[in-house]
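Examination of the molecular architecture
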Amino acid sequence: MQTFPARQSHSISQFFAKGSTLKHQCKRSIISAVLLAVATLMAIGALRGQQITFIPNGVFFANPGGASETYSTTGGGIDQIGPFFQSLGANGRSCGSCHQPSDGMSVSAAHVDQRFSLTQGLDPIFRTVDGSNCNHGIDVSTLAGRSAAYSLLRTRGLIRIAIAVPANADYRVVSVNNPYGCNESDVISMYRRPLPSTNLRFLSTVMFDGRESSAATGTTKILYSNYPTSLLNDLTHQSVDATINHAQGNGTRPTPAEQQQIVNFEMALFTAQTIGNYAGRLDARGASGGPEALVTQPFFLSINSSVNFLVPTLELPGGLVAPGDHKFTAAIFNPFDAWASLPDTSPRAAVARGQVIFNSRPINITGVAGINDDLSAGGLVAGGIPSLTGTCGTCHDTPNVGNHSFPTPLDIGTGDPSPSNPSANLGGLNMNYLPTITVCKTDPATGLPTSTCKTTTDLGQALIDGRFDHVGKIKGPILRGLSARAPYFHNGSAQTLLDAVQFYEGRFGLVLTTQEESDLVAFLSVL
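Small disclaimer: the values here were computed from a predicted structure and weren't measured. (Residues numbered from 1 in each chain as written. Predicted model: local features only at pLDDT ≥ 70, side-chain atom pairs only at ≥ 80, totals over all residues. Heavy atoms only, no water.)

A short note on the overall build of the chain
When helices and strands are tallied, the chain shows 12 helices and 16 strands. In terms of overall size, the chain behaves like a compact globule, its C-alpha atoms giving a radius of gyration of 22 Å where 527 residues would be expected to give roughly 24 Å. Projected onto its principal axes, the C-alpha positions of the chain cover 75 × 55 × 45 Å. Residue pairs in contact within the chain that sit at least 24 positions apart in sequence constitute 64% of those at least 6 positions apart. About 20700 Å² of surface is accessible on the chain, with carbon and sulfur atoms providing 57% of the total. Treating the 34 positive side-chain charges of the chain as one cloud and the 36 negative ones as another, the clouds have centres 7 Å apart. (Helix = DSSP H or I, 4+ residues; strand = E, 2+ residues; numbered from the N terminus. Rg over C-alpha atoms; globule rule 2.2 N^0.38 Å. Contact = heavy atoms within 4.5 Å. Areas by Shrake-Rupley, 256 points an atom, 1.4 Å probe, with all protein chains shown as cover. Lys, Arg positive; Asp, Glu negative; His and termini not counted. Charge placed at Lys NZ, Arg CZ, Asp CG, Glu CD.)

In structure tokens, the structure reads:
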């Protein structure tokens, strides 16, 4: 964990004050030097068995884009004594094993690999229950064996999620080609990034596939009519499931009291980038970057729905200012509006330009399950819609947060092989490290597979509700704190933010100049 107490050290914080005129390159050098020194000290402390038990609000965490901050509305900071950070199972893991304050309450692959090096692959995150590429046919008795067994966790930050095919599924798994040996067709192994356990007030569904907000786990879909009760109950249930499945608990912990403590802790957290490598303080010169602005950010389920204003019967109630006003704005983000008038050469102006691109650049949306497909399969209208002109905000519509404000799973192609190159996804990113799974819809009369088939690397929602039409559909994550938790997309296929931007260029024919790519990355990196 890399930290420094920015608000407690005047000798450091003066360089990052809102009115500082320190040159950007100099700022970046100072940031790097200070954070490297603190990281070294903390690594030494970790090796000596010392543990930091409290992280006060105002502490910055270094990342490739600068530094992030996680702000807690209770207790003045992050108390690392509570059950969230305790080992409640049998394998030494805690929630904090995969949800680290240093990584925006998720984990970055780079820091996972550091933990592997520091502990020779013995840190609790490295457990064969789901940290290894497969849970059989592996040897973790040697360092080389552990390095190979945990390669996806080390290089892509991926956890193996194994879920049984629902008994009532209207499809058949006809083949599984898993390069790590988990080729079972009744229990499917998929590989996903841990979602951040922060900014949870804005969630419209829990887990990438929504399983902790579904009947499959005895939980409840989150709707306007039951929010926030459903969200709190789903997170409570998830704390138990995670302990049983990831920490190999026996179900006795977390106790009801500990479950409540975990949910209270999570719901109090807000995370965002606070310092940019080139932009400096992100709340300077009239900007409102950083996590504290999120505490009062207006939100309700279906707020600013990009669907409701088009189809008023969907994503109810829908509204921008008030529920039911059926209004939508594509100007999803506005924290950096004040920087738009700065000179073009200013790094802050680049952030503002990137924000405009995100908010307004037209994208021709085609082939997205959940948008373009038939209404009966989860699309917008009966018969489907071949194309829809939208923006980034069509799928990332929650104001200043960036996830979808209603539980609408989509398949944009991050896990689907390209017809021209099976080793790449539909946006051209390498995914030859992932398994391929082929499923075919079954004939209702005979139960036999039909010729209607799909090949993907992750069955998504279909593995929860058993519907072939939902193969590959997942939710989009909250975008705040991106720089802290590379790589990106649910399967880690985008190693950098530029990779993520170029995915959309390849997938949807989005045309950006090199400067526009740079501006968009500059914006995303300071969220």
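Concerning the state of the cysteines
Here a disulfide denotes one covalent bond, and it connects the sulfur atoms of two cysteines. Scanning the entire structure with this criterion turns up 2 disulfides. Counting its disulfide-bonded cysteines in sequence order, the chain shows a connectivity of 1-2, 3-4. No disulfide involves Cys98; its sulfur sits 9.4 Å from the nearest other cysteine sulfur, which is in Cys95. Sulfur of Cys392: no disulfide; nearest cysteine sulfur belongs to Cys395 and is 8.9 Å away. (Disulfide = S-S within 2.5 Å.)

Description of the pairing of strand S3 (residues 59-63)
Buried residues dominate S3, accounting for 5 of its 5 residues. Residues Val59, Phe61 and Asn63 of S3 are buried on one face, and the alternating residues Phe60 and Ala62, pointing to the opposite face, are buried as well. By the bridge criterion, 3 bridges tie S3 to strand S4 (residues 66-72) in an arrangement that is antiparallel. Looking at the pairing, Asn63 lines up with Gly66 of S4. In this structure, the hairpin formed by S3 and S4 is closed by a connection of 2 residues. (Buried < 20%, exposed > 50% of the residue type's maximum accessible area, 1.4 Å probe, protein only. Pairing = 2+ DSSP bridges.)

A closer look at the environment of Ser420
Along the chain, Ser420 falls in the loop between strand S13 (417-418) and strand S14 (421-425). Look at Ser420 and you get exposed, because its relative accessible area is 69%. Ser420 sits 260 residues away from Arg160 along the chain, and the two C-alpha atoms are 27 Å apart. Of note is the side chain of Ser420, whose polar atom sits 3.0 Å from the side chain of Ser418. (Polar contact = N/O pair within 3.5 Å; in protein donor to acceptor, adjacent residues only side chain to side chain.)

Structural notes on the packing of helix H6 (residues 229-246) against helix H7 (residues 256-267)
Where H6 meets H7, the closest approach of the two axes is 9 Å, and the angle between their N-to-C directions is 120 degrees. In this view, H6 runs oblique relative to H7, as classed from their interaxial angle. The interaxial crossing formed by H6 with H7 has right-handed handedness. Contact residues: Leu231, Leu232, Leu235, Thr236, Ser239 and Val240 in H6; Gln259, Ile262, Val263, Glu266 and Met267 in H7. (Axes fitted to C-alpha atoms, helices over the stretch in contact; angles between N-to-C directions. Parallel < 35°, antiparallel > 145°, perpendicular 65-115°, else oblique. Left-handed = near helix turned anticlockwise from the far one by under 90°.)

Considerations on helix H3 (residues 109-119)
When H3 is considered as a whole, its buried residues turn out to be Ala109, His111, Val112, Arg115 and Phe116. Projected onto a plane normal to the axis of H3, the buried residues spread over an arc of 165 degrees and lie on a single side. The elements touched by buried residues of H3 are S3, helix H4 (143-149) and helix H5 (151-156). Backbone geometry just downstream of H3 places Gln120 in the positive-phi region, at approximately 60 degrees. (Arc of directions from axis to C-beta.)

A word on the sheet that holds strand S7 (residues 171-177)
Ordered by their spatial adjacency, 3 strands build an open sheet running S7-S15-S16, and the pairing between neighbours is antiparallel. Both edges of this open sheet fall to S7 and strand S16 (449-456), since each of them pairs with a single strand only. Geometrically, the sheet is characterised by an average inter-axis angle of 25 degrees between neighbouring strands, direction not taken into account. In terms of strand pairing, strand S15 (residues 436-442) meets S16 through 5 bridges, oriented antiparallel. The residue bridging Val439 from the neighbouring strand is Lys454, located in S16.

Focus: the pattern of salt bridges
In this structure the tally under the stated criterion is 14 salt bridges. Here Arg154 makes a salt bridge to Asp113, at a shortest N to O gap of 3.2 Å. With a gap of 41 residues between them, Arg154 in helix H5 and Asp113 in helix H3 connect regions that are remote in the sequence. A salt bridge links Glu258 to Arg253, with the nearest nitrogen and oxygen atoms 2.5 Å apart. Residue class for Glu258 comes out buried when judged on its relative accessible area of 11%. In this structure Arg253 comes out as partly exposed when scored by relative accessible area, which is 28%. Linked through salt bridges whose partners overlap, the residues forming this network are Arg192, Asp209, Arg211 and Asp458. (Salt bridge = Lys/Arg side-chain N within 4 Å of Asp/Glu carboxyl O.)

A word on unusual backbone geometry
That bond from Arg253 to Pro254 is cis: its omega, 0 degrees, falls within 30 degrees of zero. Within the secondary structure, Pro254 is located in the loop between H6 and H7. Cis geometry marks the peptide bond from Leu316 to Pro317, where omega comes out at 5 degrees. Relative to the helices and strands, Pro317 resides in the loop between helix H8 (292-295) and helix H9 (347-360). In this structure, Met105 takes a positive phi of about 65 degrees despite not being glycine. Locating Met105 in the fold gives a position in the loop between strand S5 (77-79) and H3. Notably, Asn199 is not glycine yet its phi reads approximately 55 degrees, a positive angle.

Let's talk about the confidence of the model for the chain
Mean pLDDT over the chain: 92, with 91% of residues reaching 70 or higher. Predicted confidence for residues 1-17 stays below pLDDT 50, and this span has 51 contacts to residues more than four positions away or in other chains. (pLDDT = per-residue confidence, 0-100.)

As for the side chain of Asp283
Within the secondary structure, Asp283 sits in the loop between strand S10 (280-281) and H8. Overall, the relative accessible area of 18% leaves Asp283 in the buried class.

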